[in-house]
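So the chains spell out like this:
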Amino acid sequence: MPNEKISLAHGAGGALMMRLIKEIVLKELSLKRAGKIGLDELDDGATFTVGGKTLVLTTDGHTVNPIFFPGGDIGRLAVAGTVNDLAVMGARPLAIACAVVLEEGFPVEALRKICRSIDATSKEVGVPVIAGDTKVMERGALDKVIITTTGVGVANPIISDSGLKPGDKIIITGTIGDHGVAILAHREGIDIEANLRSDVAPIWRTIEVALKVGGITAMKDPTRGGVAAALNEMASKAKVGVALDEAKLPINPTVRGASEMLGIDPLQITNEGKAILAVKPDYCKKVLRTVRKTKYGKEACVIGEVTSDRICEVVMETMVGGHRVIESPIGDPAPRIC
Ligand code: MG
C-alpha cells in the first residue's frame, strides 16, 4: 500500500472505493460523530441534534463529463444528488450550499446556464441555495468545472440504509440505469442516444408521500455502483440476504440495448432520480400506490424481498429460472458519470 496511487476506480463507488475510505479516511479522522449517525456509518448522510430536532447533513462533489448531457447537466445533478441523499435519510431538505471550482477559460455563459439549472432544480423542491463559494484554477489544472453541494435537512424519523428486516419488500421508484447509460452512450457516440435520457431529478416529493404512508425500514439512492452496490451495502449492513427477481426489474428497452452494446450491466450503473425502499409487507401495496402517483415514481415496482438466508448476499432469480449472485462492482465501467 505505501506506494499505491489513486486510480479512477477508487472513485467508482465499488469495493475499491470502500477500501480506500475505510483504510485511509475513517482511520485517520478521529472525530466522526455529532449525533446518532456518524461518518463511519457510511450512510447517505449523517445526523446531529439541535433543540430536540434531528438534522441530517450530507455533501457531494460532482465531476460529470460532459457537463451538459441528455436529460440534464451538472447543475441539476448537483442539486438533485444532495436533495436525494437527504431524502433517503427521511429528511426534508431545508437548505443547500454550493461550491464551484472553475477552470480558467471556462465560458461565462455556460456558468450562467448551470446557475439557471441549479435554480430551476432547487425551486422544484423548494430548497434554497443559501451559501456558496467560487474558485478558479489555471487552465489544465481541472477539467472545466467541479461543483460540490452540501445539504441540510430535518428528519422525523431518520431512515438509515441499514434497517432491512427479513420479509421486507424491496421497491425501486422507477427504471434502472438511465443516467449512467445515457451519459456513457452519449460519450461513445452511440446512435440510439436520442431516446436515452438521464433520469436526474430531485425525488423528495416521491419519498415524502412514501414516508407518510409508513412501514419503510430502509432507503438508499442507487447512485455510483448502481442498484447492485446499493443493495449489497444494505444487505451487508443489516446482515440479511436480498432476493431479486430479474423478470420484475424495470429497465427501458433502449437502456438494455445500449448496455449490451457497451458491455455493461444496468444493475451496476448510476441512477440519479431513483430510490430503493425496503417496506414492511403490510405497507407495500399502499406505499407503491402512493409513490406511483408522483411525478418521479410512476414506474415504481417491487423487485425483490429481504431474506434471512444467504446473509449479506444479493441473489437474483434469472428469467430462465437460475440464480445469479449480484456483486458490487469492483471498479466502474464508466468513470465521471456523477
Ligand atoms: Mg446516496
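Small disclaimer: the values here were computed from a predicted structure and weren't measured.

1. Regarding the nonpolar core
1) Next: Among the nonpolar cores identified, the biggest contains 81 residues, and Val145, Leu164, Ile170, Leu231 and Leu277 are the most heavily contacted of them.
2) Next: Grouped together as the second largest cluster of nonpolar side chains are 6 residues, Ile37, Val56, Leu86 and Ala91 included.

2. What about the pattern of salt bridges?
1) Next: This model, assessed by the stated rule, comprises 23 salt bridges.
2) Next: Salt-bridge contacts for Asp119 lead to Lys123; the nearest nitrogen and oxygen are separated by 3.2 Å. Separated by 4 residues within a single helix, Asp119 and Lys123 lie in helix H3 (residues 108–125), roughly one turn from each other.
3) Next: Among the residues examined, Lys123 registers a relative accessible area of 60% and is labelled exposed.
4) Next: With a shortest N-O distance of 3.7 Å, Arg205 and Glu208 are connected by a salt bridge. Of this pair, Arg205 and Glu208 both sit in helix H5 (residues 204–213), 3 residues apart, roughly one helical turn.

3. Focus on the sheet that holds strand S14 (residues 323–325)
To summarise the sheet geometry, strands pair through backbone hydrogen bonds and adopt either a parallel or an antiparallel arrangement.
1) Next: Across the sheet, 7 strands lie side by side as S9-S11-S8-S12-S10-S13-S14; this open sheet has mixed pairing. Unpaired on one side and paired on the other, strand S9 (216–220) and S14 mark the two borders of the sheet. Along the sheet, successive strands turn relative to each other by an average axial angle of 25 degrees, direction set aside.
2) Next: Here 4 bridges tie S9 to strand S11 (residues 276–279), and the two strands are oriented antiparallel to one another. By the bridge assignment, Ile216 is partnered in S11 with Val279.
3) Next: Contacts from H5 reach S9 and S11 within the one sheet, and its direction differs from that of S9 by about 165 degrees.

4. Some thoughts on the side chain of Asp199
1) Next: Here Asp199 lies in the loop between helix H4 (178–188) and H5.
2) Next: A polar contact of 3.5 Å, which involves the side chain of Asp199, links it to the backbone nitrogen of Gly273.
3) Next: In contact with Asp199, not counting residues within four places along its chain, are Thr175, Asp178, His179, Asn271, Glu272, Gly273 and Lys274.

5. Quick word on the packing of H4 against helix H7 (residues 253–262)
1) Next: For the pair H4 and H7, interaxial distance at closest approach is 10 Å and the crossing angle is 55 degrees. Taken together, the axis directions place H4 and H7 in an arrangement best described as oblique. Handedness of the H4/H7 crossing: left-handed. Contact residues: H4 offers Asp178, Val181, Leu184, Ala185 and Glu188, while H7 offers Val255, Ala258, Ser259 and Leu262.

6. A few points about the sheet that holds strand S1 (residues 46–50)
1) Next: Taken in spatial order, the 5 strands make up an open sheet running S1-S2-S7-S5-S6, and their pairing is mixed. The sheet is open, and its two borders are formed by S1 and strand S6 (129–137), each paired with just one other strand. Averaged over all neighbouring strand pairs, the angle between strand axes comes to 20 degrees, with direction disregarded.
2) Next: Alignment of S1 against strand S2 (residues 53–62), held across 5 bridges, turns out to be antiparallel. The partner of Val50 across the bridge, within S2, is Lys53.

Parameters and conventions
Residues numbered from 1 in each chain as written. Predicted model: local features only at pLDDT ≥ 70, side-chain atom pairs only at ≥ 80, totals over all residues. Heavy atoms only, no water. Core = buried A, V, L, I, M, F, W, Y, C linked by side-chain atoms within 4.5 Å. Buried < 20%, exposed > 50% of the residue type's maximum accessible area, 1.4 Å probe, protein only. Salt bridge = Lys/Arg side-chain N within 4 Å of Asp/Glu carboxyl O. Helix = DSSP H or I, 4+ residues; strand = E, 2+ residues; numbered from the N terminus. Pairing = 2+ DSSP bridges. Axes fitted to C-alpha atoms, helices over the stretch in contact; angles between N-to-C directions. Contact = heavy atoms within 4.5 Å. Polar contact = N/O pair within 3.5 Å; in protein donor to acceptor, adjacent residues only side chain to side chain. Parallel < 35°, antiparallel > 145°, perpendicular 65-115°, else oblique. Left-handed = near helix turned anticlockwise from the far one by under 90°.

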